[in-house]
Each structure stands twice: as C-alpha cells, then as structure tokens.
Amino acid sequence: MRGVLIRRAAVIAALAVVIVSAQPAGTFDVRTFGAKGDGRTLDTEAINEAIDAAHRAGGGTVRFPAGTYLSTSIHLQSNVGLFIDHGASIVAADVAAGPYDEPETNPLDMYQDFGHSHWHNALMWGDGVDNVSISGPGLIHGKGLVRNHNDQTPRGSGDKAISLKNSRNVVIRDVSILHGGWFAILATGVDNLTIDNIKIDTNRDGIDVDSCRNVRISNATVNSPFDDGICLKSSYGVGSVRATENVTITNCQVSGYDEGTLLDGTFKRTVTYNRGTTGRVKFGTESNGGFKNITISNCVFDYSRGLAIESVDGGVIEDVAITNLTMRDIVNAPMFVRLGNRARGPNHPPPGAIRRVRISNVIASNVDSRHGVLISGIPGHPVEDLSLSDVRIAYRGGGTAADAALEPPEKETDYPEPDMFGNIPAYGLYARHVAGLSARDVHFTLDQPDARPALRLDDVGGADLDHLVVPPRTAGSLFVLRHVRDFLLRNSPGIPDTKRASVDRESF
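Residues numbered from 1 in each chain as written. Predicted model: local features only at pLDDT ≥ 70, side-chain atom pairs only at ≥ 80, totals over all residues. Heavy atoms only, no water.

### Description of the packing of aromatic side chains
Consideration 1: Counted under the stated rule, the structure contains 11 aromatic pairs.
Consideration 2: Among the aromatic residues, ring-to-ring pairing joins Phe 114, Trp 182 and Phe 183 into one connected group.
Consideration 3: Looking at Arg 147, its charged tip hangs above the ring of Phe 226, at a distance of 5.6 Å from the centre. (Phe/Tyr/Trp six-rings, centres within 6.5 Å; stacked < 30°, edge-to-face > 60°. Lys NZ or Arg CZ within 6 Å of the ring centre and 35° of its normal.)

### Description of the side chain of Thr 261
Consideration 1: Within the fold, Thr 261 resides in the loop between β22 (253–255) and β23 (281–287).
Consideration 2: We classify Thr 261 as buried; its relative accessible area is 6%.
Consideration 3: In contact with Thr 261, not counting residues within four places along its chain, are Asp 201, Thr 266, Phe 267 and Lys 268. (Helix = DSSP H or I, 4+ residues; strand = E, 2+ residues; numbered from the N terminus. Buried < 20%, exposed > 50% of the residue type's maximum accessible area, 1.4 Å probe, protein only. Contact = heavy atoms within 4.5 Å.)

### Overview of unusual backbone geometry
Consideration 1: The omega angle of the peptide bond from Gly 284 to Thr 285 is 15°, so this bond is cis rather than trans.
Consideration 2: Looking at where Thr 285 falls in the secondary structure, it is placed in strand β23.
Consideration 3: Not every positive phi belongs to a glycine, and Arg 356 is a case in point at roughly 55°.
Consideration 4: Position of Arg 356 relative to the elements: it lies in strand β28 (residues 353–367).
Consideration 5: In this structure Arg 356 comes out as partly exposed when scored by relative accessible area, which is 34%.

### A short note on the pairing of β23
Consideration 1: Among the seven residues of β23, seven are classified as buried, and the element is accordingly described as predominantly covered.
Consideration 2: By the bridge criterion, two bridges tie β23 to strand β25 (residues 307–311) in an arrangement that is parallel. Paired with Phe 283 across the two strands is Ile 309, which belongs to β25. (Pairing = 2+ DSSP bridges.)

### Some words on the pattern of salt bridges
Consideration 1: Taken as a whole and assessed by the stated rule, the structure comprises 41 salt bridges.
Consideration 2: Its salt-bridge partner being Asp 29, residue Arg 63 comes within 3.7 Å of it at the nearest N-O pair. Residue Arg 63 is located in strand β3 (residues 60–64), and its partner Asp 29 is located in strand β1 (residues 27–29); the two are separated by 34 residues in the primary sequence.
Consideration 3: Of the charged contacts, one joins Asp 228 and Lys 282 as a salt bridge, the two residues approaching to 3.1 Å between their closest N and O atoms. (Salt bridge = Lys/Arg side-chain N within 4 Å of Asp/Glu carboxyl O.)

### A closer look at the side chain of Gln 112
Consideration 1: With respect to the helices and strands, the residue Gln 112 is situated in the loop between β7 (88–92) and β8 (124–127).
Consideration 2: A relative accessible area of 3% places Gln 112 in the buried class.
Consideration 3: In this structure the side chain of Gln 112 is engaged in a polar contact, spanning 2.8 Å, whose partner is the backbone oxygen of Leu 108.
Consideration 4: Of the polar contacts made by the side chain of Gln 112, one reaches the backbone nitrogen of Tyr 236; its length is 3.1 Å.
Consideration 5: Sequence-distant contacts of Gln 112, that is, excluding residues within four places in its chain, are made with Asn 106, Ser 117, Ser 235, Tyr 236, Gly 237, Glu 286 and Arg 344. (Polar contact = N/O pair within 3.5 Å; in protein donor to acceptor, adjacent residues only side chain to side chain.)

### Topic: the confidence of the model for the chain
Consideration 1: Considering every residue of the chain, the mean pLDDT works out to 94; 95% of them sit at 70 or more.
Consideration 2: Residue range residues 1–22 is modelled with pLDDT below 50. Its contacts to residues more than four positions away, or to other chains, number two contacts. (pLDDT = per-residue confidence, 0-100.)

### Considering the environment of Ser 234
Consideration 1: With respect to the helices, strands and loops of the structure, Ser 234 is situated in strand β20 (residues 230–234).
Consideration 2: By relative accessible area, which is 0% here, Ser 234 ends up buried.
Consideration 3: A sequence separation of 25 residues divides Ser 234 from Val 209, and the C-alpha atoms of the two residues are 8.0 Å apart.
Consideration 4: Ignoring anything within four residues of it in the chain, the contact list for Ser 234 reads Asp 210, Ser 211, Arg 242, Thr 244, Glu 286, Ser 287, Asn 288, Gly 289, Gly 290 and Phe 291.

### Describing the environment of Ser 287
Consideration 1: Relative to the assigned elements, Ser 287 resides in strand β23.
Consideration 2: Looking at Ser 287, the relative accessible area reads 1%, which means it is buried.
Consideration 3: Counting along the chain gives 77 residues from Ser 287 to Asp 210, while the straight-line C-alpha distance between them is 9.0 Å.
Consideration 4: Excluding residues within four positions of it along the chain, Ser 287 makes contact with Ser 234, Glu 310, Ser 311, Val 312, Asp 313, Gly 314 and Gly 315.
Consideration 5: Side-chain polar atoms of Ser 287 contact the backbone oxygen of Thr 285, separated by 2.9 Å.
Consideration 6: A polar side-chain atom of Ser 287 sits 3.2 Å from the main-chain amide nitrogen of Asp 313.

### Comments concerning the environment of Val 91
Consideration 1: Mapped onto the fold, Val 91 is located in strand β7.
Consideration 2: The class of Val 91 is buried, set by a relative accessible area of 9%.
Consideration 3: If we ignore the near neighbours within four places in the chain, the residues touching Val 91 are Thr 68, Tyr 69, Leu 70, Ser 71, His 141 and Lys 143.

### Describing helix α2 (residues 44–56)
Consideration 1: Taking 1.5 Å per residue, 13 residues should reach 18 Å; α2 reaches 18 Å between its end C-alpha atoms and fits that length.
Consideration 2: Within α2, the full set of buried residues consists of Thr 44, Ala 46, Ile 47, Asn 48, Ala 50, Ile 51, Ala 53 and Ala 54.
Consideration 3: Along its buried surface, α2 packs onto β1, β2 (38–42), β3, β4 (67–71), β5 (74–75) and β6 (80–84).
Consideration 4: Positive backbone phi, at 100°, marks Gly 58, one or two positions downstream of α2. (Expected span 1.5 Å × (residues − 1).)

### Considerations on the state of the cysteines
Consideration 1: Tallied over the full model, the rule gives zero disulfides.
Consideration 2: The thiol sulfur of Cys 231 is not disulfide-bonded, and the nearest other cysteine sulfur, from Cys 212, lies at 12 Å.
Consideration 3: Cys 252 supplies the cysteine sulfur nearest to Cys 299, a cysteine that is in no disulfide, at a spacing of 4.8 Å.
Consideration 4: Looking at Cys 299, the relative accessible area reads 3%, which means it is buried. (Disulfide = S-S within 2.5 Å.)

### Some details on the pairing of strand β18 (residues 213–218)
Consideration 1: By the bridge criterion, five bridges tie strand β15 (residues 191–196) to β18 in an arrangement that is parallel. Counterpart to Asp 196 in the pairing with β18 is Ser 218.
Consideration 2: One ladder, built from five bridges, connects β18 with strand β21 (residues 244–250); its direction is parallel. Note on β21: the bridge partner recorded for Ser 218 is Thr 250.

Laid out in structure tokens, this is it:
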C-alpha cells in the first residue's frame, strides 16, 4: 500500500509539472497554486502566492479560469496583471470566513471620509505599484464587503472592491463588478490610469478618481443608485494638496436602477429613496486639490441625478469642457455648479475657484423642476466664466407662486447638493454669485404649467444670453434680475432684446 501511495504522489507531481509547463510563458494559473474555485474554500493564500510568483519572475499574468474564487485581501504587485476568464468570479468573503487587511494608519483621516483615508481594507489593493492590470470578461463580486465604517462594523471588514494608492500605469478593462462596497474602484494618487469597457452595478460609489493625473475612463456603464457613478475627487488623503488633472471621460453611461438590475438586464426602478436615486457624474465633494483640464463627452444619464461640479474645500476647478450629454428621468438639478466654503482641510483653506467651464450639446427630458440648472458661488467668491450652449431641457413643471417668492439661503459651509437650498425660485436657470455667464441656444420646455420665472439672476456680472427659448407666460414674469451688471439678452423668440448696464431689481 505504501508503494501505491508513493507512485500516486509521483503521478500527481508529474501532472502538476505538465500543467505548469503547458501554460503560456508568463502565465500563472491560480489553480496551480492551490486555489479551488469552488465558492466554499477561501482561496486568498493561493491567489497571493500566484501573484507573488509572477512578481518574482519579473512579471506576468495571473489567470483565474472558470470557477468561483472566495477571497479576502488580494495584494496587487508591480508588473503583474490579473485576468478573470469567462465563467470566473472573484467573490469577497464574509468577514467571518477570514479578516481583510486592516486599514493602514493615516494621521490625516480627519480631512476626508474614512473610505478615502484607507486603502488596504479591500478585496484587491495595491499601494505604490506600477504596471498593473485587472482585465477579462469575468466578475468581481463584493458580496462580503461593507458599505461604510462605524462603531458597529465588524473588525477586519473590507469596504472596497479595487483600491489603488500612489501607483502608476494601471489598466482596468472588460471586467464586471457587482456590489462593490463603499467604492467599486478607488484610485488615489494614481497616474496614467485607464478604465475601459467595464460594467459596475453597486451599492455605493462606482468609480472614484482622487488626486490622479492622466486618466482615461471610456465605455464604462455604472449603475449606483445609492451614491455617485463616476466621481472625481481631490482629497487630502495622501497628505498633500494634489489636483486631479488631465482626465477624459467618454462614451459612458450612469444610472440609478435597483442594484443588480443592470447586470441582470431587468433595469428595475422599484426602490424608493429619500433624496432620489444618485448614479451621476460628479466633481467633488472632496476637493482640496481641485480639478484641472477635464473633458467629458458622449455620456448618458438615465434615472439619476444630474451633472454636479463642486469645489467646497479650497480647490480650483478650471479648464473643463463637457459636451454631448443625454439625460432622462433626472431627479434633481440637471446641472449643478457650486463653489462653497466647507473648508475641510488643514488650516481651514479659503474658498477656491471655478472658472473656464464649457457645457454644450445637452438634451434632458422628464427633469424634476424643483431646482433647474443651478449655479451658485458665495458672496465675494463668484463662479467665473461659465458657458452653456445648445441645451434642451424638458422640465416636469408644477412650481407654485409661493416657490417663485422664495429666497434661497446661502449655506456657505454646508455639504453641497441641489436640495440644500430647498425649492428654487426659477424653474429653468438660477444663477447666483457668478461673474461671466454665457447661455446660447438654450431651450426650456414644461410638461405642466409652472408659476415661477424661467430664469433668475442674483448678483451676476456679465450675463450674455443669446437665443433663449422658453414657454410664453400668461401671468407673472419670465425673467427676474437682482443686482445684475452688464446684462444682454437678444435673439430670443417673443422677448424684446434687452441690455442693461446695471440692474438692482427688475422683472420682465
């Protein structure tokens, strides 16, 4: 019997050699390192051994063939790519099956949320890695991840599907992510980042790009009903003020369907939310370092909040071009631009700036009318040089005369959301504390009557409106101006050309 066992062991060893030698050079199959892929066995150690072997070999691809790989923290390493094959799933284990890596110490965690202050407590993480990829048609399922951290969160929990910090030359392509935790993808201080052709269906943020440079996000479909879909940040998480800059976002879709119904193709809308579903593209809220040289094009918003551009922590937003957006079933402002003074950062930084922003070719329908296009700086710190062109927005209407008489509070230090001001006293466009506002070929329609004016400007200098088309009124004013300088309106059907050097209060 002993001889039979020895011969059997020899045969198994020989087969292992054959399997390894049959793999393409530079490919490391996780099953060769002991991964079971049965959905019951914790495969963390085998996966990390495969990654370590590829790294020691000078680089390579770690392959996940068809199977379900239960895991906790997977350690990404330089010059190593993960390839998740057809029929393969990497599933985040429940914390009871084995702890995730502890969140690393960050003495500056008071300046941003917990999730933006720690990276190691994730299903997959890389810190200071170069030349890394995660690709393939398989699935990353964050089943055991938590969506936040508080006193009741179990010790050893993970809260991110993919987490990267201070890294370079990273590619994430073709994968799908389900239930990604606090962040499906969090990239902080990552330069030369490519995210392409991925699908995310998650319970909080989809993609967060924080203090990164040279970023390309394309062909991504992100469903995130409870939080933002694609979000640019510039927090103080890495211990310095660092802009997110040189970013392109193109050919993407964001939505707020019920979680899981993007990937299963049912696109359900049965869950209700106190503030409305989210699923948008946003700049901020963390904005210490600002955002520079950003382009967004050819994107679809469906059953979500609208585009949000926010600087509230002292950062500068400048040189932004956004074009070719289609929006449908938008639950708050279709466009929200906010310069505030939350000042969450060392020494309470002064207000930043928003300037040189161009938004063009936007079509939106079935848009909630409570907020309209909402642009708001704060006293002494206006939003500067903002242009809207070729915009078509179909609002639901329904605003009352009481809404028209409202005076929105400033709320300089509040967390920025369109509903922070309550209902807005104009259904189409409300701009306050703005220096340089251009609106050309902008059309507003109403699905039902609205007693508010189409446009109201408060403390605006240099407003140039050309071919503004709005529904005619049988009562009340179309436009309300308060403390406006250098106002010009022309070529607008049914409205006389109007030019004013200075207006204290005027309605027409």
